[in-house]
Amino acid sequence: MQGSKLELLSPAGDLSILEAAVDYGADAVYLAGEEFGMRNAAKNFGEVDLVKGVKYCHDNGAKVYVACNTIPHNDEMKRLPEFLELLAHIGVDAIIASDIGTMGLIKKYAPKQELHISVQSGIVNYETARAFHDMGANRIVVARELSLDEIAEIRAKTPSDLQIEAFVHGAMCVSFSARCLLSQYMTGRDANRGDCAQSCRWSYSLMEANRPGEYYDITETDKGTYILNANDLCMAPYIRQLADSGIYSLKIEGRAKSHYYVAVATNAYRGAVDSYYQNPLAPIPQWVGEELNKISHRDYSTGFYFGNPVGKQNYGSAGYNRDYTVAAVVTGYENGCVVATVKNKFSVGTQLDCLTFKKSPFKINVNQMFNENNEQIESAPHPMMTVKIPFEFEIKKGSLLRIKC
């Protein structure tokens, strides 16, 4: 049966990111092995890290879902059974798939693991959802092109034990349910096997021919036009509407994203979800929206959730908004000082923005600073150097100290 509370599902491109996702509030993480996942750009997980990752999640009350959602070719199918047996042996909680043949192999070689149907399957109606349920699916990831009303109808017309998962934050793909050949045609890199070159983000020059009855305003600078480039998705202000539609699992996109990105996004959505349960009618805390603007992102939108976003693509550029960077990572607390490892230069007089686990951020004024030998210093110019900053209370190890760019 669908859980009584919303699940927050975060991406993990490697073991350290998995740990950050769990520490900052994820109920579950999704990841991939070295094959069969849709994000070759991520480091992904070898067998040793898979074992460590599953243990870390389970020890901390979180679940692990492994993506096997590429469209594999014949030579890859020969290697898939061994990988599925490994996942079953390790004890992952679910395997995500989009290929029907892969689904059959999951049922054969990992029968105790849940089967989740990937967004790649393009589920946009209740009959398709029912069909996958009849094939043994425990969960479907609905297509990104659905509105909340359409999702609500799928929820109403499918078995109650079929969970619904949906992307709520992150990069949007211009192609239907991310099924695209543009990268393969232009670079030979197959997006349907995890090797997308993101050709849709490139700058293009084009001329629009006359189309009777249709008008497309194509803005082009000397750098070309970004007509294929989509806005990022952000649904943090609409947790109640997502829950009311019948969505159970709120999925953050980004298995190729950084440790910092996953930590901030997870913490922000944890705050949004927890706030919803405290008062479903109240707006999300102001700090949640501010946090989501502190990570690299394109202009935000609500995607298709409130209707077809005609004319609302981000044509301006393929660039990101970047306002904050990590100055240091907290490693301890000694004699009234926060101990941290420097990542980017900062000096006495700087105001640091601290992100700690499952809480709203707070400020630290650097009025004094010492090096590892307890010598007073005015600046911390070198990455990986140790600094000590006087502060009135202990901050948890792994917390992030940020500066505005």
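Scroll up to find the structure this text is about.
Let me begin by describing the structure that accompanies this report. (Residues numbered from 1 in each chain as written. Predicted model: local features only at pLDDT ≥ 70, side-chain atom pairs only at ≥ 80, totals over all residues. Heavy atoms only, no water.)

Section: the pairing of strand β14 (residues 351-355)
This is how it is decided: Residue burial is assigned from relative accessible area. The probe radius is 1.4 Å, only protein chains are included, and a residue is buried under 20% of its type maximum, exposed over 50%, and partly exposed in between. For helices the rule is a DSSP run of H or I covering at least 4 residues; for strands it is a run of E covering at least 2, with both sets numbered from the N terminus onward. When DSSP finds at least two bridges between two strands, those strands are taken to pair.
Within β14, 4 of the 5 residues are buried, which leaves the element mostly enclosed by the surrounding structure. Here β14 runs beside strand β15 (residues 362-365); their pairing, made up of 4 bridges, is antiparallel. From the neighbouring strand, Q351 faces β15, where its bridge partner is N365. In this structure, the hairpin formed by β14 and β15 is closed by a connection of 6 residues, where K358 is found at a positive phi of approximately 55°. Across 3 bridges, β14 lies against strand β19 (residues 400-404) in antiparallel orientation. Bridge pairing links C354 to L401 in β19.

Looking at the packing of aromatic side chains
Stated formally: The pairing test for Phe, Tyr and Trp rings, Trp by its six-membered ring, is centres within 6.5 Å, and the orientation test on the planes gives stacked under 30 degrees, edge-to-face over 60, and tilted for anything in between. Only when the NZ atom of a Lys or the CZ atom of an Arg is both within 6 Å of the ring centre and within 35 degrees of the ring normal do we say a charge sits over the ring.
With the rule as written, the count across this model stands at 6 aromatic pairs. Ring geometry for Y276 and Y277: centres 4.9 Å apart, planes at 70°, overall edge-to-face. Since its relative accessible area comes to 29%, Y277 is described here as partly exposed. The ring of Y277 carries the charged tip of K5 above its face, separated from the ring centre by 4.6 Å. Of note, K251 hangs over the ring of Y30, and the distance from its end group to the ring centre comes to 4.4 Å.

Here's the deal with empty space enclosed by the protein
Quick reminder of the rule: Definitions used for this entry: grid spacing 1 Å over protein atoms alone; cavity, a set of points where a 1.4 Å probe fits but cannot get out; pocket, an open set with protein on both sides within 12 Å along at least 5 of 7 lines; lining residue, one with an atom within 4 Å of a point. Grid points are joined across faces, edges and corners, and a volume is the space filled by probe spheres set on the points. For this scheme, ten residues count as nonpolar: Ala, Val, Leu, Ile, Met, Phe, Trp, Tyr, Cys and Pro. Four count as charged, namely Asp, Glu, Lys and Arg, and the remainder, Gly too, count as polar.
Tallied over the entire structure, the rule returns 1 cavity of 30 Å³ or more. V142, A143, R144, L146, I151, A166, F167, M172, L233, G303, F304 and Y305 are the residues that line the largest cavity. Taken together, the residues of the lining of the largest cavity break down into 10 nonpolar, 1 polar and 1 charged.

Points about the nonpolar core
Applied cut-off: Take the buried residues of types Ala, Val, Leu, Ile, Met, Phe, Trp, Tyr and Cys, join any two whose side-chain atoms come within 4.5 Å, and each joined set is a nonpolar core. Contacts are assigned to residue pairs that have any heavy atoms within 4.5 Å of one another.
Counting 94 residues, the largest nonpolar core has V29, I140 and Y305 as the members making the most contacts within it. Element by element, the count of residues in this core is highest for helix α10 (residues 259-278), at 11 residues. Excluding its chain neighbours within four sequence positions, the residues that come into contact with Y305 are L146, S147, L148, I151, A166, F167, V168, L233, M235, L242 and I247. The next biggest cluster of nonpolar side chains, apart from the first, holds 21 residues, and it includes A340, C354, A380 and F391.

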